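Each chain, written out:
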Amino acid sequence: MTQTDFAKSSFDTWNEMPLSEPDNGKFGNEDNVLSTMKKKRIQNRPLCQWIPEWSSYLDEMIRLEGHGNDILQDECNCKGEAKLLYRCHDCFGVKMMCHMCVLNKHAHNPLHRIKEWHGTFFVRISLKSLGLRVQLGHHPGEKCYNPEPATADDFVVIDVHSIHEIGLDFCGCETVQVHYKQLLRAQWFPSSVSNPQTAATFALMEFFHLLSFESKVSAYEFYHSIARRTDNTSITPIRDRDSVFMRMVREWRHLKQLKRAGRGHDPCVVDATSAGACTVLCPACPQPSKNLPDNWENAPQETRWIYALFLAIDANFWLKRKLVSSDNINPSLNAGWSYFVEEMAYKQYLSERGCEPQEKSTCVSHNAVNMADIKTSRGLAATGVGTVDCVRHDMKLPNGVGDLQKGKKYLNMDYLVFSAILSVSVFILNLSYDVACQWHKKLWTQCHLTCTLPAKTRLSDFLSQSSISMLISNHNVGHTDGEAPERGWANINHVASSTKEMGPGARRNTLDDHFGDWN
């Protein structure tokens, strides 16, 4: 059966025609009606139109493996006598070029992929081997009178299309900048501060950043995908830069957080950055001086519920972390500036009170609480994370996330709740917690014990003039279901397979970035 016959038989077997049509002048005879209806059906199904043409598509793809129409071309555009042996895989069109033309044309595009004709087939060849040098610190095509080649003339650039080995010269004349700044000004992200030998293009970093949010792909998997795109046969050795790339990704995430939070405009970036300053706040929750009317705090008692904040407390035991590395070797770059609490103060609080036994639930046999002290944690540094969320809009609160060690212990959740509400400036809080019936009994006692925080005075003042209620009753809470965090876990759980293998700082920074994107 030919392709046309196959397509025709496929169309004819679809029993979608009406059994009869009105017999009037608009439709003509029965054959015309059937023919018109069949054409309309085919036109509305692009795949059916493509099936008869797939042979032509395949022919055109194979045609690109050879010279194509340039088989008879015997002279380059430069009118020189050199052989036409080169074609660019990334430039528009498939025109063949000579040696000098391919170098001149790619002075502005040094990361394009070049192929060389070997009589009956193309072979990939680098622009470096053809003699192209990339000069930093000057406009493309300009020469530096004192160029400084990269260390051992060995430099690798990771781009969206491929992993490139290039000939790179740093500028050494009177306009000289340190090497990493020269790379940044060319929109190449350096792998290190001193003597960098690897860089990634900004386009690649931006592409991976968005792709990691949408597909939850890890930096390791992404790098090896680029390596396969460079050579999918594994015949040519690919430069091993996966560990370097993973470090660059972490630095990129952190810089993007600082940039979007406006920290780059403050001369004292580190010292002036407060806790939770790099977070995305919920635009719909009550935020004084942002979305509340003037004098909202003077609203009558009977209408003050309008400005209440609804929070949910929950834990996720998918987001584990194995017992690898340490905070000294793998520190966090955020230091409490985002969604995770500041780790040193958190661990100090847990060490001071970690020996206290977990009170058993007298309400129901809730395993997350009753088995908190006996829950296995062998080989794990963290058994999950606890979070405080905006229950109406499912957004993480600043400093409302922290690691759990054994189950859903009140000790951890107390700290996270009171850390999160330090950023709250409303008078009424409605808290949702799946074990609120047990947790709320000693809330005020736990508050005084937990207030070893640096902001103890502010928290005490806030609690003295605020009203906190649990969503045990339905007074002034509407139809709030309190299950918003569960919907967010479905999105973040896909990163668990990669974050569980990370060091403590890398994991917190990665989750902070994903929580920011979710918000």
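Refer to the preceding data block for the structure.
These lines cover the structure that appears in this document, whether it is placed above or below. (Residues numbered from 1 in each chain as written. Predicted model: local features only at pLDDT ≥ 70, side-chain atom pairs only at ≥ 80, totals over all residues. Heavy atoms only, no water.)

### Considerations on the packing of helix α7 (residues 202–215) against helix α8 (residues 219–230)
Closest axis-to-axis distance for the α7/α8 pair is 11 Å, and the angle between their directions is 130 degrees. Classified by the interaxial angle, the pair formed by α7 and α8 is oblique. In this structure, α7 crosses over α8, and the sense of that crossing is right-handed. When α7 is examined against α8, the residues L204, F207, F208 and L211 are found in contact with a partner set consisting of A219, F222 and I226. In terms of residue class, the contact of α7 with α8 is made up of 7 nonpolar, no polar and no charged. (Axes fitted to C-alpha atoms, helices over the stretch in contact; angles between N-to-C directions. Helix = DSSP H or I, 4+ residues; strand = E, 2+ residues; numbered from the N terminus. Parallel < 35°, antiparallel > 145°, perpendicular 65-115°, else oblique. Left-handed = near helix turned anticlockwise from the far one by under 90°. Contact = heavy atoms within 4.5 Å. Nonpolar A, V, L, I, M, F, W, Y, C, P; charged D, E, K, R; others polar.)

### Observations concerning the pattern of salt bridges
One pass over the structure, following the stated rule, counts 14 salt bridges. Here D169 ties to R133 by a salt bridge, and the two come within 2.7 Å at their closest N and O atoms. A residue pair is termed long-range when its members are at least 10 positions apart, and D169 in strand β7 (residues 163–170) and R133 in strand β4 (residues 133–135) qualify at 36 residues. With its nearest N and O atoms 2.9 Å apart, the salt bridge here joins E501 to K322. Pair noted here: E501 is in the loop between α18 (496–499) and α19 (504–518) and K322 is in strand β11 (residues 321–322), with a separation of 179 residues, a long-range link. The exposure class assigned to E501 is partly exposed, which follows from its relative accessible area of 44%. (Salt bridge = Lys/Arg side-chain N within 4 Å of Asp/Glu carboxyl O. Buried < 20%, exposed > 50% of the residue type's maximum accessible area, 1.4 Å probe, protein only.)

### Re the pairing of β7
Burial runs high along β7: 7 of the 8 residues are buried. Pairing of β4 with β7, which is carried by 3 bridges, proceeds in the parallel orientation. Of the residues in β7, the one forming a bridge with R133 is G167. Bridge count for strand β5 (residues 148–149) against β7 is 2 bridges, and the pairing is antiparallel. Looking at β7, one finds that P149 is bridged to D169. Note that strand β6 (residues 155–158) and β7 share 4 bridges and pair antiparallel. (Pairing = 2+ DSSP bridges.)

### Brief notes about empty space enclosed by the protein
Applying the stated criterion across every chain, the model contains 1 cavity of 30 Å³ or more. There is about 40 Å³ of room inside the largest cavity. If you go around the largest cavity, the residues you meet are K396, G488, W489, N491, I492, F515 and W518. Elements represented by at least two residues in the lining of the largest cavity include exactly α17 (484–492) and α19. With 4 residues, the top contributor of residues to the lining of the largest cavity is α17. Residues of the lining of the largest cavity, tallied by class, amount to 4 nonpolar, 2 polar and 1 charged. (1 Å grid on protein atoms, 1.4 Å probe; cavity = no way out; pocket = protein on both sides within 12 Å on 5 of 7 lines; lining within 4 Å. Points joined across faces, edges and corners; volume = space filled by probe spheres on them.)

### Focus on the state of the cysteines
Counting across every chain of the model gives 0 disulfides. The thiol of C101 is unpaired, and the distance to the nearest cysteine sulfur, on C76, comes to 3.3 Å. The class for C101 is buried, based on a relative accessible area of 16%. (Disulfide = S-S within 2.5 Å.)

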